[in-house]
Each structure stands twice: as C-alpha cells, then as structure tokens.
Amino acid sequence: MAVHWNSTSLSGNARGTEAARAVLSTARYAIGFDLLDVGLEQVLRAIVQGRHDLYEADSDEAAVVITDRTPSDAGVPGGGRLLRVGAEQGGRNVLDSLDPGLILSAATLVAAGYALDRERMAADGQGGALPRLSQRERQVAVLLVDGASNKLIARGLDISVHTAKFHVTAILDKLGARNRADAVSIILREGLVSI
C-alpha cells in the first residue's frame with residue numbers, strides 16, 4: 001500500500017523534521033463513523049476517546065469518515081473523505097484490514113491529506129514491505145529525524161564522520177529515498193522509529 005501526500009510541499013527553507021513535528025504535535029483530526037459492524041465501531045470510539053490527535057465528530061463535519069459500506073451504499077460526507085475498511089477490492093483510501101489500530105492510523109493519514117493507494121504501489125513494482133533497518137541504522141534514523149548532520153550523528157554515536165555517512169547512505173538506499181528529507185518523511189510515515 002502506498003501513501004501519497006496530496007497537499008502543497010513545505011517551503012524550501014523550512015526544515016522538514018521541525019515542520020513535520022509541528023504539524024503532528026498540534027494536529028487534531030475529526031473522525032466520523034458510518035459502520036455496519038457495531039462492535040468495531042464501539043472499539044474505535046473507545047480508542048479515539050483516549051487519543052490526543054483524534055476526536056469524534058458528525059459525519060458531515062469530520063475530516064474523514066470510516067465506513068465498511070460498499071461504494072454504492074456509502075455516501076460521500078460533506079467536505080470530508082471516506083476511508084473504507086474491510087474491503088476486498090482495491091481503490092483509493094481502501095483498507096482491507098479490520099485492525100482498530102491500523103484503521104485509526106490510516107484515518108489519521110487520510111485526514112492529514114495523505115491518500116492510501118494500493119493499486120499505484122503494485123503498478124510501481126514496490127509491492128513488498130520496506131527493508132528492515134539494523135539496530136545501528138535505527139539509531140542513525142532517530143538522529144536523522146531530529147535533523148542531525150553527519151558530524152552530529154558521528155558525535156552522538158561515537159563513530160567517525162565517514163561511518164556516519166556510510167550509515168546514512170545505507171538508510172537512503174534501503175528506503176529508496178532521494179535525499180535526507182525524503183528519508184525522514186519515509187521513516188516517519190512508515191513508523192520505522194518512535195518519536
């Protein structure tokens with residue numbers, strides 16, 4: 001499944017990590033429910049009550065509405081987006097899982113302006129999971145997310161600058177990232193490190 005950003009990109013002089021953290025730390029998204037599965041809806045509502053980044057709203061006021069209805073049965077909410085769950089066929093913003101944690105994570109992404117697109121990922125030939133980062137690469141990734149330079153990474157991990165560059169390059173290659181900022185967005189989006 002691919003996740004694509006639909007909004008305008010950050011300005012060239014804004015630091016990606018700082019901007020992402022600012023958005024993530026202050027963002028609160030309204031979530032609506034239109035589910036036939038009453039048990040799933042109750043579980044999702046209980047989880048949403050305990051989260052600081054989500055709150056429940058009416059379907060017409062929600063940034064995203066979680067539904068398990070078929071496209072012909074589900075109406076498009078006023079101004080919001082639909083996240084279809086438990087669907088076997090693909091499409092945009094469709095999740096085949098009924099895992100509550102995964103559903104709410106996907107809903108947060110959709111509400112933030114991302115789109116879930118399973119077909120596009122398969123067409124791109126990127127259908128596999130991201131490669132695992134080694135323990136040292138995860139340590140470097142944490143520092144990358146914090147915006148550290150190679151020199152700061154080297155100091156923080158008590159390694160040479162050359163070794164720090166080697167680990168950063170390995171991370172970029174494993175993630176298929178074009179640059180450090182792209183790597184940070186992939187790391188955050190995929191939850192490869194905890195922040």
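Conventions used here
Residues numbered from 1 in each chain as written. Predicted model: local features only at pLDDT ≥ 70, side-chain atom pairs only at ≥ 80, totals over all residues. Heavy atoms only, no water. Helix = DSSP H or I, 4+ residues; strand = E, 2+ residues; numbered from the N terminus. Contact = heavy atoms within 4.5 Å. Areas by Shrake-Rupley, 256 points an atom, 1.4 Å probe, with all protein chains shown as cover. Buried < 20%, exposed > 50% of the residue type's maximum accessible area, 1.4 Å probe, protein only. Pairing = 2+ DSSP bridges. Salt bridge = Lys/Arg side-chain N within 4 Å of Asp/Glu carboxyl O. Lys, Arg positive; Asp, Glu negative; His and termini not counted. Expected span 1.5 Å × (residues − 1). Arc of directions from axis to C-beta. Right-handed = clockwise from strand over helix to strand, strands pointing away. pLDDT = per-residue confidence, 0-100.

A word on the overall build of the protein. What the protein contains, in helices and strands, is eight helices and seven strands. Residue pairs in contact within the protein that sit at least 24 positions apart in sequence constitute 59% of those at least 6 positions apart. Total accessible area computed for the protein in this model is approximately 10,900 Å², and 51% of it derives from carbon and sulfur atoms.

With that settled, consider the pairing of strand β4 (residues 64-67). Residues V64 and I66 of β4 are buried on one face, and the alternating residues V65 and T67, pointing to the opposite face, are buried as well. Across four bridges, strand β2 (residues 29-34) lies against β4 in parallel orientation. Paired with I31 across the two strands is V64, which belongs to β4. In terms of strand pairing, β4 meets strand β5 (residues 81-85) through four bridges, oriented parallel. Counted as the bridge partner of I66 is L83 from β5.

Moving on: the sheet that holds β5. Pairing in this open sheet of five strands is parallel, and the strands run β3-β2-β4-β5-β6 from one edge to the other. Strand pairing shows two members of the sheet lacking a second neighbour, β3 (54-56) and β6 (94-95), which therefore form its edges.

The next subject is the pattern of salt bridges. Applying the stated criterion across every chain yields a total of six salt bridges. In this structure, E56 and R45 form a salt bridge, with 2.3 Å as the shortest nitrogen-oxygen distance. Of the two residues, E56 sits in strand β3 while R45 sits in helix α2 (residues 38-49), which places them eleven residues apart along the sequence. R189 serves as the salt-bridge partner of E190, at 3.7 Å between the closest nitrogen and oxygen. Through salt bridges with shared partners, a single network forms among E41, R45 and E56.

A separate point is the side chain of D182. Secondary-structure assignment places D182 in helix α8 (residues 180-190). Despite its burial, D182 remains without a salt bridge, the nearest opposite charge being carried by R178 at 4.1 Å.

In this section: α2. The end-to-end C-alpha distance of α2 is 17 Å, a good match for the 16 Å that twelve residues give at a rise of 1.5 Å each. Along α2, the residues that are buried comprise L40, E41, L44 and V48. For α2, the arc enclosing every buried residue in end-on projection is 100 degrees, short of the 170-degree limit, so these residues lie on one face. Those residues of α2 that are exposed and aimed more than 90 degrees away from the buried face are V38, Q42 and Q49. Close packing links the buried residues of α2 with β2, β3, β4, β5 and α3 (100-111).

Okay, the pairing of β2 next. Where burial is concerned, most of β2 is hidden: five out of the six residues are buried. Handedness of the β2-α2-β3 crossover: right-handed.

Attention shifts here to the confidence of the model for the protein. The predicted model of the protein averages 78 in pLDDT, with 71% of residues at 70 or higher. The lowest-confidence element of the protein is strand β1 (residues 2-5), averaging 45 in pLDDT; the highest-confidence one is helix α6 (residues 150-157), averaging 95. Taken together, the stretch residues 1-14 has pLDDT below 50 and engages in 30 contacts with residues farther than four places along the chain or on a different chain. Residue range residues 120-127 is modelled with pLDDT below 50. Its contacts to residues more than four positions away, or to other chains, number six contacts.

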